[in-house]
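Examination of the molecular architecture
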Amino acid sequence: MNGTPRPRPGGFPSTPQPGQQPRSPAAQTPNSARRPNVNTPLPNVPQRAVQATEQPGPWIPAHIIDPAQQRFYVASIYVALWAWKLYDFYGLAIEEDESLVSCLKWCGLDMVFFMLGVPLLDIPWLQWSTSTSFLLFVVHSALDVMLMFRIGIPVQAWFISLAGFLFDSELAISERSVKPGPILHNASLILGKQIINILPEGSAVLNPDKLSFCLNSTVTSLDLPILINQTEPTEIEFVRIDFDTSKNETITVKKGELKTLLSRARKAAKRTDPDDPLLLRYAVNKPGVYLLKRVIDKSKLEVRPRTVNAVVTKCPQARVKPTGERRCRNDLSNVELEVEGVPPLYVKYRLTVDHKPRGGSEFQNLQPDEFASPLSRHTSQALVKSGKEDVSWARSQKVTVPLNETLATGSAWEYAVEEVRDGLGNFVNLLENEEEDRQKPKVTGTYQGFEVHERPKVYFEGCNPQNPIRVAKGEKRPLPLKYASTGKGRVEAQHNVEYLFTPEADIVADGYHSANALVKQSKIKPASGKIFGQEAGLYTLKSVSTEFCEGEVLEPTSCLVQNPPEPELLLTSEDIVDKCAGNPIGLRVALDFIGTPPFLVKYTEQRKGQRAVPRHIEVGSLRGSFDLTPQSAGHYTYKFMTVSDAIYRDRPLDNVELQQDVRPPASAHFIESKHPKQACIDDYAEFDVRLIGDGPFELEYEVVHNGKRSKQTIQVEEQHYTIKTPKLKNGGEYTVALTSIVDGMKCKDTIKDEEVKVQVRHERPKAYFGLIDGKQSVMALEGRSVDLPLRLSGIGPWTLEYENLDASQKQKVHVSGANAPLAITQQGTYQLLSVRDSVCPGFIEDKASTFQVRWIARPQISIPEIPSIIFQGGKYIKDAVCEGDEDSFEIALSGNAPFEVSYTQHYKGKGKTAAPRDKDIRALSGLTTVRADTSSAGTYEYTFNKLADSRYDHSKRHFQPLTVQQTVNPLPSARFDTPGKTYSYCSRESDGEEVIPMTLEGQAPFYLEVEIKQAGIPKPELSTHRDIRTNKFDLKIEHRKLHLGVSSITIRKVRDARGCTFRPAPNGPRVQVSVHDAPTATALEERADFCVGERLSFALSGQNPFTVYYTFNGETRKASNAATTFRRLAELPGSFTVTGLRDSASDCLAPLDITKHIHSIPSVRLSGGQISSVDIHEGGNTDLHFQFEGTPPFEFTYTRSTNAARGKKSRVLEIKTEVSHEKEMFVPVQEEGTYEVVSIKDRWCGFAKPNVEGVEGRGGQKLLQY
C-alpha cells in the first residue's frame, strides 16, 4: 500500500497520468500487497521525487488496519454519532423540551471528531486541512443548536418522521413498549358501508313539497304541483275524492294540455338538460282530495306515481258573532267566535279596552264534540292511501267559541280575530297592517266592539218610615233622593225611577204598602229632576234604570211623608182677684193648641191711654198657661194676633182678645243690699225685710239651692222682720226669695223679684300631706330632724292633731301657714287625725293622711354569689388560680357612693408565711373589683374590716367583717430531653420519621405550643398539641409547618389541667429539625378523563432518577423514570392512580393520590360492519342500520357520496350528523349514494376517519366534554 498515491495537502489524490511507466516489481517494498481490485501495478515514481515528497503514514499503520477499513470505521462512528444525536433530539421533541446540556455535549463531541479525531488519525482521503475541519465543525455545531433547541426548520419534521418510523414505540401503562399508531388509527372502530342504487325509471310526484291548499271567495282556483323526473308524460289521470259525498271523480289530462304544461314548466325552470326534473302546475277549482292515479309517458309505459296526495279544502275563516253594541258594568262580555274550517282548528284573537291592548288569547285543537280527526295523529300526506278511504274528516266544520269576561273596567271594549289556521296548515291572517300609513279597512265580521255603561244606584237619604218628612198641606217638597253608580260618580243620563205610593190613610198596620198601592214612574235627570212628595203617604223605590242599564236600589228604599194639622189656639182665662178685697189683680190664661210643637203666640198688651206693646210667648207642648199681672193699676187690653208651629208659620187668629182692670196687692222687700253674703257650711244667714200694707202680715219666702226649694211661712206683726235661714249644709250659692204676703185683710199677694243670695264656702278646712320628690315618703339620715310637707285649706291658723303609728304617739300642733312643714325626729309612719281652722272644724283627706319617714340605710359589704366563689366555713372560698395570672374578685357595696373600704391581706406559702398587709379601697359605685395577689404560689386571705360611705362614717357597732380565701397554684414546666440535637424530617409525612422526646411537669393533661423558626423567614410557625396525658411526650411536628432546610424548635407555651400556663424565656433550650424536600408529581393536564391512545403526563420535581408507584385497574406497579416528566400511553381502559413518588435525594416517599380515568374509544357498525348494496325505486326508501359500542349518548357523522364508477373518484354529496341515546339506530333514506360513517363520539371519546372530504378535524380520538 506504500504505492498508494499521496494526496496533496487539503485535496484528493491525483488521477494517474497515461504517460507514466509501470513500476518494476522489483521496486515494490516487501510490505506492499496487491489490492484485490488492482490488476496492473502502477509505474514507479522516480527515486528523487519519492524522497522529496515522502510523508509520515497514518497514525494507525496500514499493516495493522487497512486505510480503507479505517475510513469505513470512521464513517461508522460518524453514522453512530448521528444516530445517537437523533435519538436525543427525538426525546426532546416528544417531551416538547429543550436542553442546553445536550447542545454543549454534541458541540464538544463534534469538535473532538472533526478538529482532533479525524486529523490525528491522518487517514488517506480524510486528511483535511484546518479550515476544512473548522468549517465542518461549525456546520455540525449549527445543526446541534437547531436540533437540541428544537428550532423550527423543515429538516426537523423530516428527522422526526424518520425517527418516528425507526423508533415508533413507547412505554404504556402496563410498562411494556407499544406502538401508538395501531391504537390511534384503529380502522376497525368504524366498519360498514351501504350503497343505495336508484333504479333508472321515470317518476311523477303530486305535491312533492307536501303543501296544503285551500279555496275561498277570492282564491277560486289554484295550481297543483306535479314533479316529473326522467319522463315525458302524454297522459295524466287524477282522482278527486269529494268531501261531502266521498265519491271519486276521475280527471284526465290529455296530451295536448300536457304539452302546454310541459312548455310552461321548461320556461319556468330555464333548463336545457332533458334529464332534469320538471315541475308541472295543473289548475283545479274544486275542493277535495286529489290523488295521482296514473301517468303514461311517450313510450306508452306507465310511470309509477308516488303515494302522495294533495288536499284542497275551503280556506279557514273566523268571525265574531254580533251581539249588540251596549253592555252594562259587571255584565259578561257574552261574545262568541265562530270558526270554520277543517278541524282541528286554531284561532287567535285580541282584546282592546279603551283603545289599549289588554291582551288576547288563542285556542287550539278546536273541533266539534265527538269528532275524530286523523290530523290529530298524522300528517296530511298520510291520510289518504287510495280512493276508497272516508274523507269526511276534511269537510269544513263550524265551531263556536264562547268568550265570557266580566266587564269590571273600561268603557270601550273590542274583540278582533287576528288569525285562523285549519288542521291542514292553511293559514289566514285577518289582522290589519298597522305599520302602513294607510290602514286597511277591517274585514267585516272579524271584530266586535261595544260600549260598557255604568249601572245607576238610588236611595233615600235622611228619610225612612222611622224618620218621616212632614210637609204642610198644599205644599210640595222634593224627596231626598240620592244618586250613585257602579263607577266613581253618578250617571248624568236620564233615570227611569219606578216607585210605589200608598196614601197615608191606606197604609196597613205593619207599616207596609196596601194592596192598592200605586206604581208610579218618573223620568228625571240627577242634575235637575226631582220627585216631589205632595201627598202624605209611603213612597218606596222599586227600580231604577237608564237608557242602557238596569240599576240597583239601595237602603233605605222607603220614605214616609206626613201632612200635620194646621195650628189652632183655644184661650181660656180667669181673673186673679184679691179674695179678701175682691179687686182684680190680673188674669190667668190657659192655652190649648192643635198642631206640631213648639208653638209661638204673638199678642199685644195695651194700657188704656197708652200705646200697644207687642209681646209673644213660646210653648213647647200642646197645653200651656201664663199670668198677665201688670205692676200698675189700670185698664189693660190683650189682642192675640198669630200662632205658629213647627210646620206652619204665622197663622192669623180672629177676634181673640182679653181685657182686665188691675189693682196692685200688698208687698214686701229686702232692706239690705242685694249683694251676696258670705257664709260657711252648716252656718246660718239673716236678712232684714220691710213689709207694706195693713198688718198683721203672713209672709212666705223660700230658700233655693241647687234647684231645690225650701218654703217657709212666718207671721209678722211689725213692718220690719229678720229672716234666719236654716243651717246651710252645702257649699255654693243659696237664694232667699220672698214669694207672697197676706195682709190684715187676709188678702194674699204674690211677691216678685225680691230675692237675695248667700255664697256658702264649698268645703270645710282640709289637711293632708304633700309630696317630696313625688312621693309621700322620705329617706333621711338616722337621728336628724325631718320636715314633712303639710297642705291645709281654710282660713288659718289651724290646729292639727297627728300620730306616729309605729310608736303610737299622738300630738297637737298649731300651724299658721297653709303649706307650713311638720318637723319630726323619729322614723315611722305619721298619720293626720284632725284639723280645725280659725272658723270651722275640718277633715283629713284619707288618701294623703299618712307620710312615711325612713332612715337611710348604713353601708354594707357583701361578696356576690357567683360559681367561682362559694361560702364555706364562715368565709368565702374563691376558685384557685395560677401563679402570675391576673385575677380579681368583686365586692358588692350598698349605701351611698363613694365608699371607703379597708382590708387586710394574709399569705401562707409552702414553708413560708408573710406579714399581714393593710390596704384601702375607694369605690365610686356599688360594685368594685379587688385585685388578687398571685405573685407566689400559696394561700391568700383578704379580711374586710372597715366600711364607710358618703353619708355614714365607719361604725363598729353596725359592721360585720368578712373574709375571702384563694389558693394560687404553681406553674407547669416543659423541656426537651436532648436540647441542641438535630432531627431529620421529610417535607411530606411518611412512616418511620423521628420524634422529639420531651418532659412535662405539672398536672396532666397538658396543652403544649412549640415555635418553629426557619432561617430567613421572620414570622415563626406555631405547632399546637392538646390532651397530653403523660409527663413524657414524643413531639411530632406537622409537615405543613416545616420548610426545607434547618428549622429551630423552641417551647412557646405549656398549660396543665389546672389551666396554668408557663411561657419559657425566648432564648431557652431548643432543638433543630432538618427537613429534606420530598419529591412531588403534578398532572400536566387538569382533566380527569382520558381516552385510550392518549398520553398521561406528569411533571416530577426532585432529584432524578425517580421511582413512581401507581395502580392500574387495582394492580400495583412501580416504574423508574430518569427524566423529570413521567409519561405513559393509555393502551387500555381503566382507572390509573399515582400513589407515591420517591427520588434519589433522600428516602422520603411522597404519598400521592392522582387519579385519571381512561375510557375506551367508541365504535360503530353500519350494516353489521359489512359492505351492502340496496336497489330501490325512485320514491322508495330503505333504512340505515347503525350499531354502537361505548357510553351513550352517541353522536355520529355519516356521508352520502356518489356511487363510485370505474375510473372516477367518489364525490361527497351530503354530510349529516345524528345523535342516538341507544346502542342501535335506524335512519330511513331514499336518496341514491354510498353511505358510510366518518366519525363517532360517545359521552367521553370520539374517533374520526382521517382525510375525509368535507369533514373537519383529523383522524384519531378525542375526549369529549358534555
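Residues numbered from 1 in each chain as written. Predicted model: local features only at pLDDT ≥ 70, side-chain atom pairs only at ≥ 80, totals over all residues. Heavy atoms only, no water.

As recorded in an unreviewed UniProt entry, the protein goes by the name Nucleoporin Pom152, listed as coming from Bimuria novae-zelandiae CBS 107.79.

In this structure, Phe1136, Leu1184 and Phe1186 are the most contacted members of the largest nonpolar core, which totals 45 residues. With residues up to four places along the chain from it excluded, the contact list for Leu1184 reads Gln194, Ile196, Leu1166, Tyr1198, Met1225, Phe1226, Val1227, Val1229 and Tyr1235. By size, the runner-up hydrophobic cluster in this structure holds 26 residues, among which are Leu258, Ala265, Leu280 and Val295. (Core = buried A, V, L, I, M, F, W, Y, C linked by side-chain atoms within 4.5 Å. Buried < 20%, exposed > 50% of the residue type's maximum accessible area, 1.4 Å probe, protein only. Contact = heavy atoms within 4.5 Å.)

Moving on: the packing of helix 2 (residues 67-95) against helix 4 (residues 130-148). When two helices pack together, their arrangement is given by the angle between their axes and by how far apart the axes lie. For the pair helix 2 and helix 4, the least separation of the axes is 9 Å and the interaxial angle reads 25°. By the angle class used here, helix 2 and helix 4 are roughly parallel. From helix 2, Tyr78, Trp82, Lys85, Asp88, Phe89 and Leu92 reach across to helix 4, where they touch His140, Leu143, Asp144, Leu147 and Met148. Per-class residue counts for the contact of helix 2 with helix 4 are seven nonpolar, one polar and three charged. (Axes fitted to C-alpha atoms, helices over the stretch in contact; angles between N-to-C directions. Helix = DSSP H or I, 4+ residues; strand = E, 2+ residues; numbered from the N terminus. Parallel < 35°, antiparallel > 145°, perpendicular 65-115°, else oblique. Nonpolar A, V, L, I, M, F, W, Y, C, P; charged D, E, K, R; others polar.)

Moving on, we come to the state of the cysteines. Using the criterion set out here, one finds five disulfides in the structure. The residue that forms a disulfide with Cys328 is Cys549, at a sulfur-sulfur distance of 1.9 Å. The sign of the -105° torsion about the S-S bond sets the Cys328-Cys549 disulfide as left-handed. Taken together, the residues span a long stretch of sequence, with Cys328 in strand 15 (residues 326-328) and Cys549 in the loop between strand 30 (537-545) and strand 31 (552-553) at a distance of 221 residues. This pair shows no difference in class: Cys328 is buried, exactly as Cys549 is. One disulfide in the model links Cys463 with Cys559; its S-S distance is 1.9 Å. (Disulfide = S-S within 2.5 Å.)

A word on helix 2. The terminal C-alpha atoms of helix 2 lie 42 Å apart, and with 29 residues this matches the ideal 42 Å at 1.5 Å per residue to within 8%. Of all the positions in helix 2, only Pro67, Gln70, Val74, Leu81, Trp82, Lys85, Leu86, Asp88, Phe89, Tyr90, Leu92 and Ala93 are classed as buried. With a side-chain oxygen lying 2.9 Å from the backbone nitrogen of Ala68, the N-terminal cap of helix 2 falls on Asp66. (Expected span 1.5 Å × (residues − 1). Polar contact = N/O pair within 3.5 Å; in protein donor to acceptor, adjacent residues only side chain to side chain.)

Below, the discussion takes up a nonpolar patch on the surface. Judged by side-chain polarity, Val145, Met146 and Ile151 come together as a nonpolar surface patch covering roughly 200 Å² of accessible area. Relative to the helices and strands, Ile151 is located in the loop between helix 4 and helix 5 (154-166). (Patch = residues over 30% accessible without salt bridge, like charges linked within 9 Å, V, L, I, M, F, W, Y side chains within 5 Å. Areas by Shrake-Rupley, 256 points an atom, 1.4 Å probe, with all protein chains shown as cover. Salt bridge = Lys/Arg side-chain N within 4 Å of Asp/Glu carboxyl O.)

Here we come to the pairing of strand 67 (residues 973-976). Of the two faces of strand 67, the one lined by Ala974 and Phe976 is fully buried and the one lined by Ser973 and Arg975 carries no buried residue. With four bridges connecting them, strand 67 and strand 69 (residues 996-1001) associate as antiparallel partners. By the bridge assignment, Ser973 is partnered in strand 69 with Glu1001. (Pairing = 2+ DSSP bridges.)

Pairing is antiparallel across the open sheet formed by three strands, whose spatial order is 33-34-37. The outermost strands of the open sheet, each flanked by one partner alone, are strand 33 (568-577) and strand 37 (623-628). Here the average twist between neighbouring strands, direction ignored, is 20°. By the bridge criterion, 10 bridges tie strand 33 to strand 34 (residues 584-594) in an arrangement that is antiparallel. Counterpart to Glu568 in the pairing with strand 34 is Ile594.

Turning our attention to the pattern of salt bridges. Applying the stated criterion to the full structure yields 43 salt bridges. The salt bridge involving Lys602 is made with Asp650; its shortest N-O contact spans 3.8 Å. Note that Lys602 is positioned in strand 35 (residues 599-607) and Asp650 in the loop between strand 38 (634-644) and strand 39 (651-662), a separation of 48 residues in sequence. Assessed through its relative accessible area of 35%, Lys602 is described here as partly exposed.

Once that is clear, we can look at the packing of aromatic side chains. Under the counting rule described, the total for this entry stands at 36 aromatic pairs. Geometry around Phe450 places Arg327 over its ring, the cationic atom sitting 4.3 Å from the centre. Here the basic side chain of Arg421 rests over the ring of Tyr346, its NZ or CZ set 4.3 Å away from the ring centre. (Phe/Tyr/Trp six-rings, centres within 6.5 Å; stacked < 30°, edge-to-face > 60°. Lys NZ or Arg CZ within 6 Å of the ring centre and 35° of its normal.)

For the rest of this paragraph, the subject is unusual backbone geometry. Cis geometry marks the peptide bond from Pro597 to Pro598, where omega comes out at 0°. In this structure, Pro598 sits in the loop between strand 34 and strand 35. A cis amide bond links Pro1192 with the next residue in sequence, Pro1193, at an omega value of 0°. Even without being glycine, Asp773 reaches a positive phi, approximately 55°. Looking at where Asp773 falls in the secondary structure, it is placed in the loop between strand 49 (766-769) and strand 50 (777-780).

Contact pair helix 3 (residues 100-121) / helix 4: the axes reach a minimum separation of 9 Å and the direction vectors enclose 160°. One way to sum up the angle between helix 3 and helix 4 is to call them roughly antiparallel. Classified by chirality, the crossing of helix 4 by helix 3 is right-handed. Of the residues in helix 4, those touching helix 3 at Ser102, Cys103, Trp106, Cys107, Asp110, Met111, Phe114, Met115 and Pro119 are Ser133, Phe134, Leu136, Phe137, His140, Ser141, Asp144, Val145 and Met148. Within the contact of helix 3 with helix 4, the residues separate by chemical class into 12 nonpolar, four polar and two charged. (Left-handed = near helix turned anticlockwise from the far one by under 90°.)

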